[in-house]
Amino acid sequence: MTETEEKTGPPVTLIDPIDMTKLDPKFRNDISSMPNGEELSACFACSTCTAACPIANQWDYMPHQLIRMILLGMRDEVLSSKEIWECLTCFQCQERCPQKVRVTDIFFDCKNLAAEEGHVPENVLALGKTLVDKGQLYEVINDWEREDLDLEPEVPGLSIEGIQSILKSTRTGKLVEDGE
Amino acid sequence: MTDPVLVIGAGVAGMTAAVELADNGVKTILIDRKSTIGGNALELYKAFPTDDCFYCFEGNRWRPGIRKCFYRSAMVDQPNIDLKTDTRVKGISGTPGKFSVILDLGPQYVDPKRCTLCGLCTNVSEAFLLASPQCQPQAVSYDPEKTDDGAKKAEDECPTQAINLSAIQTEETVTVSDIVIATGYHEMKPSVVDEYGYGKLPNVITQLELAQMLDPNGESAGALVRPSDGAQVKNVMMIQCVGSRDENYYPFCSKICCVFALKHANIISSERNDSRVSVVYMDIRTYDQHERYYRETRDAGVEFVRGRVSRVESQKDGTLDVHVYDSLLNRYLKFTVDLLVLSSALEPPEAADELLSSLGLNSASGYVGPADPISENEVVAGEHVYACGGALGPAEVPESVNQARAVVSKILQGRK
């Protein structure tokens, strides 16, 4: 302990920590109040979800880290992350979670929140536009394949108008409209 | 006529052993170096796993009367117990089964049989203190180092003449058949682990210090306030394994600090509504039945960060900036907290070494080790020497009670 007035500042480091006061402590409540979020706080970060995930090695944030980020209040980082959209929704994380956290469903909730805030990736929006415009994602264009199989050219019972109008008048339509 | 049993330490384990021996007709001398018995448990506020005041310890539960009386009736009214407070062991000689123990009896400034806790002395002098309204024996204590002009006045005016300021230290030699070591544990003062600033920064405290702050009978009447300026605490951070599981200090796991950290985090988040708690840990070890504390704490919204602290900096407004490495996120986090609570290692009590060597007992990292490490009789420390509770290593209340009962059973079998 020095008696002088001289202020010695904190030691210089290259570390730039995340300032907890800038995060959103209500984010965890936003998620846990959604239908799938009840068990969110039960997460004890064992990382079983990440062990189960078939694609997490491609991600910057692993599934257990995304749940940690929700609990810490890293709202912007989670809702603008690519990972929640790249989730295969295979539900293996949710099946294996020892604390019954609905991991995959929570990512769905995150996608819904992200969509409300306009954070939908371009490629997903493009898919939405295709659905709204064409009523289907995969058009049958190679008629010769059906012909080779002795099938009639039109897919029987395919009704795209109904799908189109439902999607147009619900959120998908709105997102596509806003995106344009 | 058989010699009495000497129980050293009147905490949960020592009291249980003494009560149960006495109830079985065995004369028991129960000594404690403090003037108030109860040991560490006295300072826990709520003891897990029942969250009760610990006075209702198992050995007393069946006694009639209201809860506080369970305890008092045993310690004061059981004729087979000879309770000596302010007393230390000075020397042990003799042979197993017939030990000769020299006891150092501190000056008895206040006679507990006369003190009525009227409060006159504590009003006129700083030297008198009522440790707790439930303290046992029910008497104030006197600290000669704090003596002032009021002390003499208190002695003169004490309505029951319970105070004798000229009391002197005395010595007594007792012959006992068995010795029960129930000397408990001590919470390490973690100033040596200097990255946390304990002892330098007033808002860095230990778990037992926090327990006393949370106790409604404590100095702040249960309010969670910053020691530096008395401001309301909004953000609390706890750090686990400070000095435990660390080859530089104590290599063993202190075993119960996770549960008491969780217990305190629960109390703070459920009873002190505006406060937020973060716990920085390496592993949360809630052994036995205590997993529920962890689950409840997570449900209560307590933030768990697996990682370690990089540094603690005091800010001008009295808060502390704590930089933490979150090993799960692989990122550094900066918290601003009012109170930093260290879950410090639980170490053997002072003079444990002397006791071990004077009786020729095995040491287990400084605690009492079993005489035969291979046998399952962990409470048997030597011939006619037993140990229970924290003296064997950090232990919770039920475990201390079980071990004390095991000791009693061994002694009774030996006397058959």
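Residues numbered from 1 in each chain as written. Chains lettered and ligands numbered in written order. Predicted model: local features only at pLDDT ≥ 70, side-chain atom pairs only at ≥ 80, totals over all residues. Heavy atoms only, no water.

Re the overall build of chain B
Counting its secondary structure elements, chain B contains nine helices and 22 strands. Over its C-alpha trace chain B gives a radius of gyration of 22 Å, about what one expects of a compact globule, namely 22 Å for 416 residues. Dimensions of chain B along its principal axes, counting C-alpha atoms only, are 70 × 60 × 40 Å. Looking at chain B as a whole, 55% of its 416 residues qualify as buried. Here the analysis covers contacts within chain B between residues at least 6 apart in sequence; of these, 66% occur between residues at least 24 apart. If you sum the accessible surface of chain B, you get close to 18,100 Å²; carbon and sulfur atoms cover 47% of it. Charged side chains of chain B number 41 positive and 56 negative; the gap between the two group centres comes to 4 Å. (Helix = DSSP H or I, 4+ residues; strand = E, 2+ residues; numbered from the N terminus. Rg over C-alpha atoms; globule rule 2.2 N^0.38 Å. Buried < 20%, exposed > 50% of the residue type's maximum accessible area, 1.4 Å probe, protein only. Contact = heavy atoms within 4.5 Å. Areas by Shrake-Rupley, 256 points an atom, 1.4 Å probe, with all protein chains shown as cover. Lys, Arg positive; Asp, Glu negative; His and termini not counted. Charge placed at Lys NZ, Arg CZ, Asp CG, Glu CD.)

Here's the deal with the overall build of chain A
Across its full length, chain A holds eleven helices and one strand. Helices and strands appear in chain A in the N-to-C order β-α-α-α-α-α-α-α-α-α-α-α. Computed over its C-alpha atoms, the radius of gyration of chain A comes to 23 Å, more than 25% above the 16 Å expected for a compact globule of 180 residues. Sequence separation of at least 24 residues holds for 65% of the intrachain contacts in chain A that already meet a minimum separation of 6. Separation between the mean location of the 17 positive side-chain charges and that of the 33 negative ones in chain A comes to 6 Å.

Description of the side chain of B:T297
Residues and elements named next belong to chain B. Along the chain, T297 falls in helix α7 (residues 291–299). Classification of T297 as buried rests on a relative accessible area of 0%. T297 has contacts with L262, A265, N266, V302 and F304, leaving out every residue within four places of it along the chain.

Describing the interface of chain A and chain B
Tallying the contact residues gives 26 residues for chain A and 25 residues for chain B. Together, the buried faces of chain A and chain B total about 2,200 Å²; carbon and sulfur atoms form 54% of this surface. It is A:I18, A:M20 and A:R68 that lose the most area in chain A upon contact with chain B, and together they represent 23% of the buried surface on that side. Connecting chain A to chain B are three salt bridges. Two residues, A:E39 and B:R295, come together in a salt bridge whose shortest N-O distance is 2.4 Å. (Buried area = accessible area lost by both parts, 1.4 Å probe. Salt bridge = Lys/Arg side-chain N within 4 Å of Asp/Glu carboxyl O.)

Side note on the packing of helix α3 (residues 63–72) of chain A against helix α7 (residues 103–116) of chain A
Residue and element names in this part refer to chain A. Two numbers describe how α3 lies on α7: the axes approach to 11 Å, and their chain directions differ by 55°. The angle between the axes of α3 and α7 places the two elements in the oblique class. Two packed elements cross with a definite hand, and for α3 against α7 that hand is left-handed. Counted together, P63, L66, I67 and I70 of α3 and V103, I106, F107 and C110 of α7 form the full contact between these two elements. Split by residue class, the contact of α3 with α7 holds eight nonpolar, no polar and no charged. (Axes fitted to C-alpha atoms, helices over the stretch in contact; angles between N-to-C directions. Parallel < 35°, antiparallel > 145°, perpendicular 65-115°, else oblique. Left-handed = near helix turned anticlockwise from the far one by under 90°. Nonpolar A, V, L, I, M, F, W, Y, C, P; charged D, E, K, R; others polar.)

Re helix α9 (residues 397–415) of chain B
Residue and element names in this part refer to chain B. The end-to-end C-alpha distance of α9 is 27 Å, a good match for the 27 Å that 19 residues give at a rise of 1.5 Å each. Those residues of α9 that fall on the buried side of the exposure criterion are V397, E399, S400, V401, Q403, A404, V407, V408 and I411. Buried residues along α9 sit in contact with β1 (5–8), α1 (12–23), β9 (178–181) and β22 (385–387). (Expected span 1.5 Å × (residues − 1).)

Quick word on the sheet that holds β9(B)
Either a parallel or an antiparallel arrangement is found when strands of a sheet pair, and the pairing is made through backbone hydrogen bonds. Residues and elements named next belong to chain B. Spatial strand order, β3-β2-β1-β9-β22-β21: six strands in an open sheet with mixed pairing. Looking at strand neighbours, the two that pair on one side only are β3 (81–84) and β21 (380–382), the edges of this open sheet. Ignoring strand direction, the axes of neighbouring strands in this sheet form an average angle of 25°. (Pairing = 2+ DSSP bridges.)

Remarks on unusual backbone geometry
Look at A:T89: it is not a glycine, yet its phi comes out positive at around 55°. Its location among the elements puts A:T89 in the loop between α5 (83–86) and α6 (92–96). Positive phi, normally seen in glycine, also occurs at B:D288, with a value near 55°.

So, the domain arrangement of chain A
Per the domain assignment, the segments making up chain A are domain 1 (20–116) and domain 2 (122–179). Centre-to-centre, using C-alpha coordinates, domain 1 of chain A lies 30 Å away from domain 2 of chain A. (Domains from an automatic or database assignment.)

Re the pattern of salt bridges
Close approach of charged atoms allows side chains with opposite charge to pair. Scanning the model with the defined rule gives 34 salt bridges over all chains in all. One salt bridge in this structure joins A:K82 and A:E83, with 3.7 Å as the shortest N-O distance. You can call A:E83 buried: its relative accessible area is 2%. Overlapping salt bridges bring together A:D19, A:K22, B:D321 and B:K334 as one network.

Some words on the confidence of the model for chain B
On average, residues of chain B carry a pLDDT of 89, and 94% of them reach 70 or more. This stretch, residues 57–70 of chain B, has a pLDDT under 50; its non-local contacts, to residues over four places away or in other chains, come to 29 contacts. (pLDDT = per-residue confidence, 0-100.)

With respect to the domain arrangement of chain B
All names here are of chain B. Per the domain assignment, the segments making up chain B are domain 1 (5–106 + 169–185 + 348–415) and domain 2 (189–345). For domain 1 and domain 2, the distance between their C-alpha centroids amounts to 31 Å. Residue-level contacts link 17 residues of domain 1 with 22 residues of domain 2. Taken over both partners, the interface formed by domain 1 and domain 2 buries close to 1,700 Å², and the fraction arising from carbon and sulfur atoms is 60%. When the area that domain 1 buries against domain 2 is broken down by residue, the three leading residues are Y45, F48 and P394, summing to 39%. At the boundary of domain 1 and domain 2, one finds one salt bridge. Between K255 and E399 there is a salt bridge, with its nearest N and O atoms 2.7 Å apart. In this structure, the connection of domain 1 to domain 2 is made through four residue pairs in polar contact (both at pLDDT 80 or more). (Polar contact = N/O pair within 3.5 Å; in protein donor to acceptor, adjacent residues only side chain to side chain.)

Re the environment of B:A265
Residues and elements named next belong to chain B. Along the polypeptide, A265 turns up in helix α6 (residues 257–271). For A265, a relative accessible area of 0% corresponds to the buried category. Between the alpha carbons of A265 and E303 there is a distance of 9.7 Å; along the sequence they are 38 residues apart. If sequence neighbours within four positions are ignored, A265 has contacts with M238, V277, T297 and V302.

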